[in-house]
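Here's the letter readout for the chains.
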Amino acid sequence: QEAVTFLDERFNFSKLTKYSVNKPIIQENKKAYSEQERQDLLKRVTDHYYETLKKNDRAKKYLKKRGIYNEDLIDRFKIGCADRSLHNILDKADKELALEIGLIKKASNNRSFESFNGCVTFTIFNDKHIAEITGRKISDDQKPGSPLHLNMNGSHQGVFNKEAFLNKELII
């Protein structure tokens, strides 16, 4: 409990549950997206990744190897898997917002690609809203210097399974 109090005092941990539906995402010379549009897209992407994990034996094997495969946890936290299929569920407007928030990126040849491709994905919730999606590459065989842990663009303001911090006296 002392650790949670320390984190709250040091990093304003309790503020992580604040949410504003009307705050637009400001973009230079582009459409300003509302937080509701952002939430709608993040929910669809999270649901897509979640459904993809159910069919991806390689991702399930990775979670088992790490000792974190549990169907109840997967369901509760919407753990998913990115496998290059995200483009199939996005229309042009979705792709613009997805690019802005970092779900897809542009390559040097101007083609877009899925940012979390090859990752197990973890959805970070603040209350019932999605703060962000983060990913961990399934394979450690990456190009030298390539990150194994990936995040969306912007500030990182969520804590995975925040309830565990708030409801325990001892956190190790």
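Rules used throughout
- Residues numbered from 1 in each chain as written.
- Predicted model: local features only at pLDDT ≥ 70, side-chain atom pairs only at ≥ 80, totals over all residues.
- Heavy atoms only, no water.
- Helix = DSSP H or I, 4+ residues; strand = E, 2+ residues; numbered from the N terminus.
- Buried < 20%, exposed > 50% of the residue type's maximum accessible area, 1.4 Å probe, protein only.
- Contact = heavy atoms within 4.5 Å.
- Pairing = 2+ DSSP bridges.
- Axes fitted to C-alpha atoms, helices over the stretch in contact; angles between N-to-C directions.
- Arc of directions from axis to C-beta.
- Expected span 1.5 Å × (residues − 1).
- Parallel < 35°, antiparallel > 145°, perpendicular 65-115°, else oblique.
- Nonpolar A, V, L, I, M, F, W, Y, C, P; charged D, E, K, R; others polar.

Trainee: Where do I start with the overall build of the chain in this structure?
Mentor: Scanning the chain from N- to C-terminus turns up six helices and six strands. N-terminal to C-terminal, the α/β element order of the chain is α-α-α-α-β-α-β-β-β-β-β-α. Within the chain, the fraction of its 172 residues that count as buried is 37%. Contacts in the chain between residues at least 24 apart in sequence constitute 59% of all its contacts with a sequence separation of at least 6.

Trainee: Looking at this structure, how should I read the sheet that holds strand S4 (residues 119–126)?
Mentor: To summarise the sheet geometry, strands pair through backbone hydrogen bonds and adopt either a parallel or an antiparallel arrangement. Taken together, four strands build an open sheet; the order of strands is S1-S4-S5-S6 and the sheet is antiparallel. If you trace the sheet from one side to the other, it starts and ends with strand S1 (80–81) and strand S6 (149–151), each paired once. Summarising the sheet, S4 and strand S5 (residues 129–137) pair through eight bridges and their orientation is antiparallel. Note that in S5 the partner of Cys119 across the bridge is Lys137. Packing against the sheet, helix H2 (residues 35–55) makes contact with S1, S4 and S5, and its axis sits at approximately 40 degrees to S5. Lying on the sheet, helix H3 (residues 57–65) is in contact with S1, S4 and S5; it crosses S4 at an angle near 70 degrees.

Trainee: I would appreciate a short explanation of the pairing of S5 in the present structure.
Mentor: Put simply, side chains in a regular strand alternate between the two faces of the sheet. Taking burial as the measure, the nine residues of S5 include eight buried ones, the bulk of the element. The hairpin formed by S4 and S5 contains two residues between the paired strands, and Asp127 there has a positive phi angle of roughly 60 degrees. Pairing of S5 with S6, which is carried by three bridges, proceeds in the antiparallel orientation. Within S6, the residue paired with Gly135 across the bridge is Leu150.

Trainee: Help me understand helix H5 (residues 92–101), please; the structure alone is not making it clear to me.
Mentor: Inspection of H5 places Asp94, Leu97, Ala98 and Ile101 among the buried residues, and these make up the whole buried set. What you see down the axis of H5 is that its buried residues fit within an arc of 105 degrees, all on one side. On its buried face, H5 is in contact with H2 and strand S2 (104–106).

Trainee: Please explain H2 as it appears in this structure.
Mentor: Three- or four-residue spacings in an α-helix give side chains the same orientation, since the helix completes a turn every 3.6 residues. Look at H2: 31 Å from first C-alpha to last across 21 residues, which is about the 30 Å you get at 1.5 Å a residue. Within the sequence span of H2, burial applies to Glu35, Arg38, Gln39, Leu41, Leu42, Val45, Thr46, His48, Tyr49, Tyr50, Thr52 and Leu53.

Trainee: Whenever I open this one, the packing of H2 against H3 confuses me. Can you help?
Mentor: Relative placement of two packed helices is described by the angle separating their axes and the distance separating the axes. In contact at an axis separation of 6 Å, H2 and H3 are set at 85 degrees when each is read in the N-to-C sense. As summarised for this structure, H2 and H3 are arranged roughly perpendicular, according to the angle between their axes. Across the interface between the two elements, Leu53, Lys54 and Lys55 of H2 pack against Asp57, Ala59, Lys60 and Leu63 of H3. Split by residue class, the contact of H2 with H3 holds three nonpolar, no polar and four charged.

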